[in-house]
Amino acid sequence: MNRRSLLIAAGTLAVSYSLTGCSPATNADLRVRLLENSIPAELLKAFQRQVARDKNLKLLPTSQLADLFKLLQTWKPQATSEQPTAGLPFVNSRRTVPVADLVTLGDAWLTSAIQQGLIQPIQTANLTDFQSLPDPWQAFVRRDRQGQPTPNGEIWAAPYRAGTLMIAYRHQEFERLGWTPQDWQDLWRSELRRKISLPDSARAVIGLTLKKLGQSINRDDLNAVPSLEAELNALHQQVKFYGSTNYLQPLLLGDTWVAIGWSSEILRMAKRDRRIRAVVPPSGTILTADLWVRPATAAAGSSRQTLENQWISFFWQPQVAEQLSLLSLAASPVLLKSDRSALPEALRQNQTLLPPQNSLDKSEFLLPLPDRTIEQYRQLWTKVRLQG
């Protein structure tokens, strides 16, 4: 099978989609609640054609990762059938939302999902492709029952998309300066005073500052980094805007020249607007992942389990991973470990989608921190933000 064959449809495919989120889906052989636009339609059809031709699939997209986490909470074993699902469109109670077999979960929610008993471990005995994932992605999903990473832990999720925290900038503004942002230390340059927008996230902003200082983003004692507060104070003077959801808007409007954000959002924006360029800092960054998880109350059954495993493994196949990366503006983690010389040129040359290996080697996932460290983050973040 060549790389293009996945995109060629042989007539009408009988994929059973429910786009409203309110179909009972009681007769489905496999129910998947997935992040909207995270899987190209061509690949969904290819899965039906190649793996599940005679199966009834219910693929139900949801626009926000936070809503998918809320949905997992409504399916918690202790929940009553009348528990509300606030924030989810077209949903009034648990009874109208059948439990899915697999759900997309963002990496930031994995620890909470395990601690709250919302998901169950994934049985990987028949998932031989799990070993094709890079070591950091395998290690990230191995957890104990408290959600803490451990080398011998159970596997609680299957990563299918990878991303990073990156720098976006308006390249025309920097042509006059004769340089472009390349790494975290550039954010402290005097030319960028009050020209930066940042996410309103203590972990992200303190994390990138730790990277600038050559430290781990998961440092468990911030007090052991004596220059950290001064660096954060200096960075704060560079910032014009903080935002949780619209931190990229000032960059588009020209109110800021640089924005720090997540690749899933920045790459989409850069594709639409040629004034915007992006770079993954070579000193390392924060890694992100979209994951398949199995709800704690998902239905059992050997045939259903087989189809779930086939779904997960399908997106780890090298040729599928290539198409996923090319079409969804988010890299498959499988490609981050592969010999890139065999990849299509469009992927080999896209270092924002597939960062260089030396940058990935210095990058980390945000891991759960001790309570005392979380309190250090809270106090330091509040202190810095209260500056004028």
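Above this note sits the structure.
Values in this document were obtained by computation on a predicted structure and should not be read as measured data.

Let's talk about the overall build of the protein chain
Along the protein chain, the regular secondary structure elements total 14 helices and 13 strands. Counting only contacts in the protein chain whose residues sit at least 6 apart along the sequence, the fraction spanning at least 24 positions is 76%. On the protein chain, roughly 17,400 Å² of surface is accessible, and the fraction owed to carbon and sulfur atoms is 48%.

Observations concerning the packing of helix 6 (residues 202-212) against helix 7 (residues 228-236)
At their nearest, the axes of helix 6 and helix 7 sit 10 Å apart, and the two run at 115° to each other. The crossing of helix 6 and helix 7 is right-handed. Touching Val205, Ile206, Leu208, Thr209, Leu210 and Lys212 of helix 6 are Leu228, Glu231, Leu232 and Leu235, all from helix 7.

As for the nonpolar core
Ranked by internal contacts, the top residues of the largest apolar core, which has 77 residues, are Ile39, Leu110, Ile119, Trp292, Trp311 and Ile312. With residues near it in sequence (within four places) discarded, Leu110 still touches Leu105, Ile119, Phe140, Val141, Arg143, Trp156, Ala157 and Leu291. Ile217, Val239, Leu369 and Tyr377 belong to the second-largest nonpolar core, a separate cluster that totals 35 residues.

Quick look at the layout of surface pockets
Counted as a void, the second largest pocket has a volume near 300 Å³. Taken together, 15 residues form the lining of the second largest pocket, with Leu267, Lys271, Leu329, Asn350 and Thr352 sitting closest to its centre. For the lining of the second largest pocket, the secondary structure elements donating two or more residues are helix 9 (263-272), strand 11 (276-279), helix 11 (318-328) and helix 12 (345-348). For the lining of the second largest pocket, the per-class residue count stands at 9 nonpolar, 3 polar and 3 charged.

Structural notes on the packing of helix 6 against helix 14 (residues 371-385)
Where helix 6 meets helix 14, the closest approach of the two axes is 10 Å, and the angle between their N-to-C directions is 90°. Between helix 6 and helix 14, the crossing angle belongs to the class labelled roughly perpendicular. Touching Ala202, Arg203, Val205, Ile206 and Leu210 of helix 6 are Tyr377, Leu380 and Trp381, all from helix 14. Of the residues belonging to the contact of helix 6 with helix 14, the class tally is 7 nonpolar, no polar and 1 charged.

Regarding empty space enclosed by the protein
The tally for this structure, following the rule as stated, stands at 1 cavity of 30 Å³ or more. Each pocket or cavity is described by its volume, and for the largest cavity that value is around 80 Å³. Around the largest cavity, the lining is made up of 15 residues, and of these Ala162, Gly163, Thr164, Leu353 and Pro355 lie nearest the centre. Contributing elements (two or more residues each) for the lining of the largest cavity: strand 7 (158-170) and helix 9. Sorting elements by how many residues they give to the lining of the largest cavity places strand 7 first, with 3 residues.

Regarding the side chain of Thr256
The topology assignment puts Thr256 in the loop between helix 8 (249-253) and strand 10 (258-262). Setting aside anything within four residues of it in sequence, one finds Thr256 in contact with Arg170, Lys195, Ile196, Ser197, Lys240, Pro250 and Leu251.

Structural notes on the packing of aromatic side chains
Counting across every chain of the model gives 15 aromatic pairs. Here the aromatic rings of Phe47 and Trp311 are separated by 4.9 Å at their centres, their planes lie at 80°, and the arrangement is edge-to-face. Of this pair, Phe47 sits in helix 1 (residues 41-50) while Trp311 sits in helix 10 (residues 302-314), and the two are 264 residues apart along the sequence. When sorted by exposure, Phe47 lands in the same class as Trp311, which is buried. Measuring from centroid to centroid gives 5.6 Å for Tyr169 and Phe174, while their planes differ by 85°, and the two rings are edge-to-face. Residue class for Tyr169 comes out buried when judged on its relative accessible area of 7%. For Phe174, a relative accessible area of 1% corresponds to the buried category.

Calculation notes
All residue numbers refer to position in the chain's written sequence, counted from 1. The predicted origin of the model limits local features to residues at a pLDDT of at least 70 and limits the giving and counting of side-chain atom pairs to 80 or more, whereas totals for whole chains, interfaces and linings rest on all residues. Heavy atoms from the whole structure form the basis of all side-chain values; hydrogens and water molecules are not counted. Helix numbering and strand numbering both begin at the N terminus, where a helix is a DSSP run of H or I of at least 4 residues and a strand a DSSP run of E of at least 2. Residues are treated as being in contact if the distance between any of their heavy atoms lies within 4.5 Å. Exposure was quantified through the Shrake-Rupley algorithm and a 1.4 Å probe, taking into account, for residues, occlusion by the shown protein chains and nothing else. The convention used is that axes are lines fitted to C-alpha atoms, helices contributing only their stretch in contact, and that angles between N-to-C directions extend from 0 to 180 degrees. The sense of a crossing depends on the near helix, which, turned anticlockwise from the far helix by less than a right angle, makes the crossing left-handed and, turned clockwise, makes it right-handed. Definition of nonpolar core: a set of buried residues of the types Ala, Val, Leu, Ile, Met, Phe, Trp, Tyr and Cys, connected through side-chain atoms within 4.5 Å. Accessibility here uses a 1.4 Å probe with only protein chains present; expressed as a share of the type maximum, an area under 20% marks a residue as buried, one over 50% as exposed, and anything in between as partly exposed. A pocket here means an open set of points on a 1 Å grid, computed over the protein atoms alone, that has protein on both sides within 12 Å along at least five of seven lines. A cavity is instead a set of points where a 1.4 Å probe fits but cannot get out; residues with an atom within 4 Å of a point line either one. Grid points are joined across faces, edges and corners, and a volume is the space filled by probe spheres set on the points. Amino acids outside the nonpolar list (Ala, Val, Leu, Ile, Met, Phe, Trp, Tyr, Cys, Pro) and the charged list (Asp, Glu, Lys, Arg) are all regarded as polar, and Gly is one of them. Here roughly perpendicular refers to angles of 65 to 115 degrees, roughly parallel to angles under 35, roughly antiparallel to angles over 145, and oblique to all remaining angles. When the centres of two rings from Phe, Tyr and Trp lie within 6.5 Å, Trp using its six-membered ring, the rings pair. Their planes under 30 degrees apart give stacked, over 60 give edge-to-face, and anything left gives tilted.

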